[in-house]
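Coordinate analysis (summary)
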Amino acid sequence: MSRIAITGATGLIGRALATSLSGDGHRVVRVVRDPRTADPEDVVWDPEAGTIDAAGLEGLDAVVHLAGEPIGASRWTDETRRRIHDSRERGTDLLARTLAGLEQRPDVLVSSSAVGIYGDRGDEELTEDSSHGDDFLARVCIAWEAAAEPAREAGIRVVHPRTGVVIAKDGPLIDKVELPFRLGVGGRVGTGRQYVPWISLIDEVEALRFLIDRPIEGAVNLTGPNPATNLEMTRALGTVLRRPTLLPIPAFAIRLLYGEMGETLATVSQRVLPRRLLDAGFVFRHTTILAALRVAFDRAA
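Overview of the structure. (Residues numbered from 1 in each chain as written. Predicted model: local features only at pLDDT ≥ 70, side-chain atom pairs only at ≥ 80, totals over all residues. Heavy atoms only, no water.)

1. A look at the pattern of salt bridges
- Enumeration over the complete set of coordinates arrives at 15 salt bridges.
- Here E145 makes a salt bridge to R162, at a shortest N to O gap of 2.8 Å. Separated by 17 residues along the polypeptide, E145 in helix α3 (residues 136-146) and R162 in strand β9 (residues 157-163) bring together distant segments of the chain. Just as E145 is buried, R162 falls in that class too.
- When salt bridges that share partners are traced, they join E69, E79, R82, R83 and D86 into one network. (Salt bridge = Lys/Arg side-chain N within 4 Å of Asp/Glu carboxyl O. Helix = DSSP H or I, 4+ residues; strand = E, 2+ residues; numbered from the N terminus. Buried < 20%, exposed > 50% of the residue type's maximum accessible area, 1.4 Å probe, protein only.)

2. Comments concerning the side chain of N221
- Along the chain, the position of N221 falls in strand β13 (residues 218-222).
- Among the polar contacts made by the side chain of N221, one reaches the side chain of Y118 at a distance of 2.7 Å.
- For N221, the side chain forms a polar contact with the main-chain oxygen of L273, separated by 2.9 Å.
- Apart from residues lying up to four places away in sequence, N221 is in contact with Y118, L126, T127, E128, R162, V272, L273, P274 and L277. (Polar contact = N/O pair within 3.5 Å; in protein donor to acceptor, adjacent residues only side chain to side chain. Contact = heavy atoms within 4.5 Å.)

3. Observations regarding the packing of aromatic side chains
- Overall, the coordinates contain three aromatic pairs when judged by the stated rule.
- With a centroid separation of 5.2 Å and an interplanar angle of 65°, the aromatic rings of W76 and F136 are classed as edge-to-face. In this pair, W76 sits in the loop between β5 (62-65) and α2 (78-100) while F136 sits in helix α3, placing the two residues 60 residues apart along the sequence. Each member of the pair W76 and F136 is classed as buried. (Phe/Tyr/Trp six-rings, centres within 6.5 Å; stacked < 30°, edge-to-face > 60°.)

If you want it as structure tokens, here you go:
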């Protein structure tokens, strides 16, 4: 069995991935920030200070790098923007340089990215070969991926999973929309024609494991095979929660409540397709937004 390190192991995806790997007998090494709560097997690091226990990373088979400041937790002040950017670029650079300098390097670094790299693209179909955007999140993702270059130069296979909106009970979408929908005041945002690049948590975890095991390099979109519009997602939520979805939410109201962060996450359109995953033979468990939402809420029950 393999020995696999995970940064961001206490987050939504990291916890699910660690559970999946451990359940199959793999040894999971968590890369954590707080030495007071670290287990003996954990590796302690501090990306802001530029420190990491390199010895604990020797002899790994794989590293999955998921750590980064949440983008949807609060309004984007200048300080929030700095934390979002630096946590990704500096953390990835520290990890990549450390792995490159090891005597026993891992075979693969699965270093996270996001579909935000494409920017706002309307109904254009986006694959891994599509051009990058030029807004805040696109620039963050470009720097995030580039920061892994030292590992690639050292001969480590580097993969960048560009993850979409993860559909899970405690995920970044449902935790914001569940209450208004349950109260019967949920609805599409603006025209509802903007595309939401979603993926179920189960497929996210299985795709990450797929990337660990397969000889794939570079960018890989981790999104469901059938992108949904905001209107389609709204109707699916209404179906699952058995609530009406008749009240549209003006885009300006989202901006008033959440600022640029809310407007970006709710109104940007990204019709992202997981072409490289499909071409490599990955089989999705959940191919529609309705199926993903049903599983998320069933599991919560």
